[in-house]
Structures are given as structure tokens and as C-alpha cells.
Amino acid sequence: RGDLFVGGGMMRPARPFCQSQGSRSRRGTSPEPPKFQGFPLLLLTTPGARSGKGRTHALGGFPDGQDEWLIVASKGGSATRPAWLHNLAKNPDKVWVQVGNRKFRAAVVSLTGADREQAYARVVNVAPVYGGHQKKTDREIPVLRVTPAK
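Attention here is on the structure that accompanies the text. For clarity, every value in this text was computed on a predicted model and none was experimentally measured.

**What to know about unusual backbone geometry**
A negative phi angle is the norm for most residues apart from glycine, just as the trans form is the norm for most peptide bonds.
Argument step 1. Not every positive phi belongs to a glycine, and Asp 67 is a case in point at roughly 55°.
Argument step 2. Mapped onto the secondary structure, Asp 67 falls in the loop between β5 (62–63) and β6 (69–72).
Argument step 3. Under the relative-accessibility criterion, Asp 67 is labelled partly exposed at 28%.
Argument step 4. Positioned with a positive phi, Lys 75 is a non-glycine residue whose angle comes to about 50°.
Argument step 5. Along the polypeptide, Lys 75 turns up in the loop between β6 and α2 (83–90).

**Remarks on the pairing of β6**
Residues in a regular strand point their side chains to alternate faces of the sheet.
Argument step 1. Here β6 shows a buried face lined by Trp 69 and Ile 71 and a second buried face lined by Leu 70 and Val 72.
Argument step 2. Sheet topology note: the β5/β6 ladder contains two bridges and is antiparallel. The partner of Pro 63 across the bridge, within β6, is Trp 69.
Argument step 3. If you look at the hairpin formed by β5 and β6, you'll find five residues sitting between the two strands, and Gly 65 has a positive phi there, around 110°.
Argument step 4. Relative to strand β9 (residues 143–148), β6 runs antiparallel, the two being bridged by four bridges. When the bridges of β9 are listed, Val 72 appears paired with Val 143.

**So, the nonpolar core**
Argument step 1. In this structure, Leu 42, Leu 44, Ile 71, Trp 84, Val 97, Phe 104 and Val 146 are the most contacted members of the largest nonpolar core, which totals 16 residues.
Argument step 2. For this core, the secondary structure elements donating two or more residues are β3 (39–47), β6, α2, β7 (96–99), β8 (102–110) and β9.
Argument step 3. Examining the composition of this core, we find that three residues originate from one element, α2, more than from any other.
Argument step 4. In this structure Leu 44 touches Arg 55, Thr 56, His 57, Leu 59, Ile 71, Trp 84, Leu 88, Val 95, Trp 96 and Val 97, once residues within four positions along its chain are discounted.

**Let's talk about α2**
Argument step 1. All of the buried residues in α2 are Trp 84, Leu 85, Asn 87 and Leu 88. Each buried residue of α2 lies within a common arc of 160° when the element is viewed along its axis, so the set occupies one face. Along α2, the residues that are exposed and aim more than 90 degrees away from the buried face are Ala 83, Ala 89 and Lys 90.
Argument step 2. Taken together, the buried residues of α2 touch β3, β4 (54–60), β6, β8 and β9.

Each value, and the rule that gives it
- Residues numbered from 1 in each chain as written.
- Predicted model: local features only at pLDDT ≥ 70, side-chain atom pairs only at ≥ 80, totals over all residues.
- Heavy atoms only, no water.
- Helix = DSSP H or I, 4+ residues; strand = E, 2+ residues; numbered from the N terminus.
- Buried < 20%, exposed > 50% of the residue type's maximum accessible area, 1.4 Å probe, protein only.
- Pairing = 2+ DSSP bridges.
- Core = buried A, V, L, I, M, F, W, Y, C linked by side-chain atoms within 4.5 Å.
- Contact = heavy atoms within 4.5 Å.
- Arc of directions from axis to C-beta.

Given below as C-alpha cells:
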């Protein structure tokens, strides 16, 4: 099942609320994901890169076609990448996602070039707060597509 982690230092004040949302998501009976600030949440679970323990993160999960979601590794516009991105890179074949009451092993692809730009624009259209994140940092914020693994 894994521990539920929510953001880094910048997200610390929202952590209790997000953790309760994540816990509620785990128990959800509806196929619809819960919403946070008007956009849908998904739970991303990866083994810790060093510990191997399951780490679950509540993230904005933006539907992008049939059985496809976009997630953004913005960490609120921080200069550093979120730990879950490192964990995912170390164990790409051990990623699990829960959307609403549906849990599945996931394939995750980092988008590049025009695909990334277009996907980021679609996310910002639904959740404008993400638009400000890119302005806060010099790093290119990764946008990833999540699909059920085959």
C-alpha cells in the first residue's frame, strides 16, 4: 500500500488536507477521482529509490484521452524535481496508479518537444495554478503521460 507523501517543503501546510484526500481516494467506491482545487487527483505509487518501500503521492491527474492521464512534476515551481520522479525513473516497471476506485500497474512516458508543450497547455487550461509553476523555475517542468501497463 505504501505511505502517503504529499509534496516537499512548499506543500507542508497543505499536507494534512492532501493526505486525507489521498486516504479518501484509496477507499473510493466511485470510478470518478476526487477533486482538489477543482481538478482531479490520482494516487501514484512507486518504490522508494533507496528504501524500496512503497511511496504513494496524491497528484493532479488530468484525463487526456481514453485511459490516459497527464501528471506534472512541478513541485510547485521549485528548482528541484519531486522525489517521486526520481523513484519512478529508478523503478519504471513497478509503478501503480489509482484513479477513483480503479487501481492498475502503469506505464509512464515523459513527453518532449511539442507533445510536452501541448500537454502542459491542456493542464494549465484545467488548472491555471500550474501555469505559474513554470515561471518560478529555470528547469523545464516534466509532463508525463500515464496509461495502464500492457
